[in-house]
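Okay, here's what each chain looks like letter by letter:
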Amino acid sequence: MTVLQLDRVSKRFGDFQALDHVSMELREGEIYGFIGPNGAGKSTTIRILLGMLKATEGRATLFGKDAWKDAADIHKRCAYVPGDVYVWPNLTGGEVIDVLLKMNGSYSEKKRDEWVERFQFDPTKKARSYSKGNRQKIALIAAFASEADLFILDEPTSGLDPLMEHIFQQGVREMKEAGKTVLLSSHILSEVEKLCDRVAIIRKGKIIERGTLDDLRHLTRMQMQVETREIPEGFANLSGVHQLEEAEGQITFQADTDHMEEIINYLNKYGVRKLESTPPTLEDLFMRHYEGRSSEENA
Amino acid sequence: MRKHIKGTGILFPILMRQHRLRLLLWLSGLVLVSCSVAYAYPDLYPDQASREAYSMTMENPAMIAMLGIGYDHYQKIGSLFALEMLLFSAIAVAIMNILLMSKLTRDDEENGILELVQSRSVGRLSYLTASFMVMLSANVLFVILLATAMGFMQIDGFGFSGVVLYSSLLGSFGLLFGTMTAFFAHFSVTSRGTSILGFGALFFFYILRAVGDVEAAFLSWISPLGWLSRAYVFVDNNIFPIGLLLVSSLGLGIIAFILQAKRDIGDGLLPERAGSVRASAFLKTKVGLVIRLQKTMIFIWTIGILLLHIVFALILGDLEAFFLENEAMQAFLTGEGNVMEQFIVLLMAIMTLFITAPVIISFLRLRGEEKSNRTELVFSRAVSRMQLLRAYLVPAILIAILLPILQAFALWSVGTVISEDMMPLGDVMGASVVYIPAVLLVLGLAVLLIGWLPRATSLVWLFLVYGFIVIYLGDILELPDWVINLSVYEHVPVYPSEELSYASLLILSGIGVLLIFIGAWGYKRRDIEG
């Protein structure tokens with residue numbers, strides 16, 4: 001079942017095209033990664049989903065309802081955590097959490113206390129004295145303790161320490177196990193890699209890649225390190241081999257995944273002693289997309 | 001020492017540029033109002049008789065409590081001007097300095113600007129030094145501007161040395177309160193707390209002087225506001241109050257710098273209390289949240305307005321004498337009825353402006369919340385645009401309705417004790433509540449702006465300032481009718497002097513409600529910034 005759908009959504013601010021026909025679909029129970037650098041349009045997309053901004057073109061629906069028109073209704077089943085959490089400075093952290101939870105109707109105090117405990121959060125202080133990470137905990141506790149079916153998380157861990165980040169990741173996994181859907185926007189790629197089933201990459205307001213991590217990896221190259229008895233002649237001319245380097249009898253290169261068979265067969269003739277291959281990290285994918293494109297544009 | 005103030009030379013122009021617009025508006029406003037009032041004074045009290053009438057009212061303890069000790073005689077017109085203007089101008093200058101200095105000190109510290117600056121090769125005291133230089137420049141500039149402007153006007157009975165002393169008194173008073181705010185900035189961890197301490201001190205010293213001037217003179221000598229009247233500016237021209245102001249500024253300034261050198265960044269000397277772990281049932285409602293966020297503001301305005309009414313009620317008995325013998329003051333009272341009735345009608349017209357202010361402040365917090373990115377989290381919950389707008393409208397409307405009722409009670413209850421021929425409660429109440437539709441109309445304008453021109457919401461303050469100019473200075477400046485009619489408040493029927501016109505009240509309320517709906521419609525369909 002589709003929980004969230006963006007259908008060719010565009011957003012213009014004056015002359016600036018913030019989003020250009022963005023489409024996206026989240027199925028029930030999946031964790032969807034949404035990655036891209038600052039200013040690419042992640043937060044604009046999320047604000048359209050939350051009904052704070054009105055799309056110039058296209059349609060955004062959550063649970064089959066219009067994100068703009070039925071915002072308050074939709075949000076009963078939603079929980080949102082922004083990257084920068086701004087709360088009322090003269091309320092205590094505990095009060096802010098209660099106020100936010102209550103805005104969605106009734107809530108379980110037990111669950112709230114449990115999450116306060118897990119995040120080791122001190123709810124007695126005035127919100128103005130909290131650090132960025134602690135303010136983020138307020139929003140995270142209010143999100144995890146609510147009865148939401150969809151979690152929209154916009155760089156939710158940018159202020160958390162590694163321990164708390166771990167608690168956060170546990171939380172997200174628990175939500176998934178409970179059959180809930182998560183949209184995780186982030187530029188901490190290792191986090192996305194660990195958690196997400198599918199990923200969309202946005203750049204300058206356009207989705208440039210989407211799919212499972214495996215899908216994305218197929219589009220790109222493996223990093224290979226090989227030691228052979230004899231030096232493989234003419235290897236550099238083989239199709240699918242890139243960035244070949246030789247040092248002390250070892251060669252390192254990048255291999256196109258769809259040429260892997262031919263490359264291995266070719267190398268075998270020279271007596272392979274050692275072979276290491278590393279799948280590309282999301283970061284490699286990401287960098288390749290961005291470096292490639294921006295050098296194209298500069299040229 | 002040098003290393004402690006390294007970088008001040010770079011910081012000073014930056015801070016100056018940061019605050020130049022604010023300062024420009026304050027300084028030109030203060031100078032303009034002072035000069036236009038000074039210009040009108042010779043016409044207000046043209047002859048000896050009218051001045052003597054005034055001196056009679058100054059025998060009333062309530063007048064002394066409000067304006068300070070008077071002069072022995074009022075042969076020079078400047079003495080009357082100083083009596084009515086010096087104290088209140090000083091308070092205005094102090095407010096400017098409190099706001100400016102809490103921004104320059106604790107606000108910049110709270111927002112992390114100080115930390116960023118301090119991480120560079122900049123002395124520990126540089127930021128404070130540069131802030132002081134900005135505040136000092138503002139006050140010096142004010143003295144020069146005011147003295148030059150009033151000096152050039154060459155009004156009879158002012159005298160150049162008096163003009164210079166008058167301006168310098170205000171400037172040094174401003175300096176003292178700017179310095180005091182820098183001192184308070186070490187105690188509170190927020191700029192809000194800092195300015196509240198500053199305003200609190202100003203209020204405390206005003207009350208101290210009021211009691212001192214009436215009952216025990218030594219109290220007035222503790223209050224800087226008490227020093228001002230003892231300069232007998234324009235008559236005796238005593239300089240020693242300036243000395244007192246400068247020496248106490250210096251003392252407080254030194255302490256402020258010592259504390260700056262010792263205190264950890266971000267730290268406050270007043271301890272913070274541990275708050276509650278859970279929200280109360282009231283706070284969990286939307287209106288409850290809004291009221292909770294504004295309770296201090298609402299409380300301070302309510303107390304201030306009620307106090308003013310009590311003070312005015314105390315002088316009601318002496319009104320007759322004052323107005324009857326002063327032809328110029330009668331310009332204010334143009335309607336029908338006896339003097340007390342006319343005075344109460346005028347008072348209510350002016351107080352309505354004071355009531356409009358908290359109504360607008362309360363509602364415009366909605367825009368403030370948006371600018372501080374706090375509405376985002378609210379709208380991400382199951383809260384619709386209309387629900388939040390309503391949650392902000394309810395307290396604003398409550399203030400607009402309850403304050404007029406409360407103020408009528410305050411004036412009437414003290415008035416009946418003081419004077420035998422006090423107006424009946426019904427008439428006082430009527431004179432006050434008849435303005436409610438006009439206040440709602442201004443609120444409607446605020447809603448309209450928030451819905452359609454969110455960046456220009458502060459424009460609504462112009463209506464208030466304009467209303468103030470028309471009521472306070474309209475007759476003195478002899479403004480033409482059409483200019484006066486631009487003010488919303490001038491369309492309210494004057495009760496009980498005039499026949500109560502329900503039609504005009506209904507029209508005002510109708511426009512107000514219509515504006516609220518149009519504004520709400522705009523708010524529903526526009527993008528939310530944060």
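No experiment lies behind these values; they were computed from the predicted model shown. (Residues numbered from 1 in each chain as written. Chains lettered and ligands numbered in written order. Predicted model: local features only at pLDDT ≥ 70, side-chain atom pairs only at ≥ 80, totals over all residues. Heavy atoms only, no water.)

For the rest of this paragraph, the subject is the overall build of chain A. Along the backbone of chain A there are 10 helices and 14 strands. Principal-axis analysis of the C-alpha atoms places the extent of chain A at approximately 70 × 45 × 35 Å. Once local pairs closer than 6 in sequence are excluded, the contacts in chain A between residues at least 24 apart make up 68%. Only carbon and sulfur atoms are counted for the fraction: they give 45% of the accessible area of chain A, which is about 13,600 Å². Of note, chain A has its 40 positive side-chain charges centred 7 Å away from the centre of its 48 negative side-chain charges. (Helix = DSSP H or I, 4+ residues; strand = E, 2+ residues; numbered from the N terminus. Contact = heavy atoms within 4.5 Å. Areas by Shrake-Rupley, 256 points an atom, 1.4 Å probe, with all protein chains shown as cover. Lys, Arg positive; Asp, Glu negative; His and termini not counted. Charge placed at Lys NZ, Arg CZ, Asp CG, Glu CD.)

A word on the overall build of chain B. Scanning chain B for helices and strands turns up 21 helices and 0 strands. Against the 2.2 N^0.38 benchmark of 24 Å for 530 residues, chain B shows a C-alpha radius of gyration of 25 Å, consistent with a compact globule. In terms of overall dimensions, chain B has a C-alpha envelope of 65 × 60 × 40 Å along the principal axes. Within the span of chain B, comprising 530 residues, buried residues form 53% of the whole. A fraction of 77% describes how many contacts in chain B between residues 6 or more apart in sequence connect residues 24 or more apart. As presented, chain B carries roughly 23,500 Å² of accessible surface, and 67% of it is formed by carbon and sulfur atoms. Distance between charge centroids for chain B: 24 Å, based on 34 positive and 38 negative side chains. (Rg over C-alpha atoms; globule rule 2.2 N^0.38 Å. Buried < 20%, exposed > 50% of the residue type's maximum accessible area, 1.4 Å probe, protein only.)

Partitioning chain A into domains gives domain 1 (2-216) and domain 2 (221-279). Placing the centre of domain 1 of chain A and that of domain 2 of chain A at their C-alpha centroids yields a distance of 43 Å. (Domains from an automatic or database assignment.)

Here we come to unusual backbone geometry. With a phi close to 45 degrees, Glu155 of chain A is a non-glycine residue in the positive phi region. Within the secondary structure, Glu155 of chain A is located in the loop between strand S7 (150-154) and helix H6 (162-177). When its relative accessible area of 17% is taken as the criterion, Glu155 of chain A is described as buried. In this structure, Asn373 of chain B takes a positive phi of about 60 degrees despite not being glycine. With respect to the helices and strands, Asn373 of chain B occurs in the loop between helix H14 (339-371) and helix H15 (375-379).

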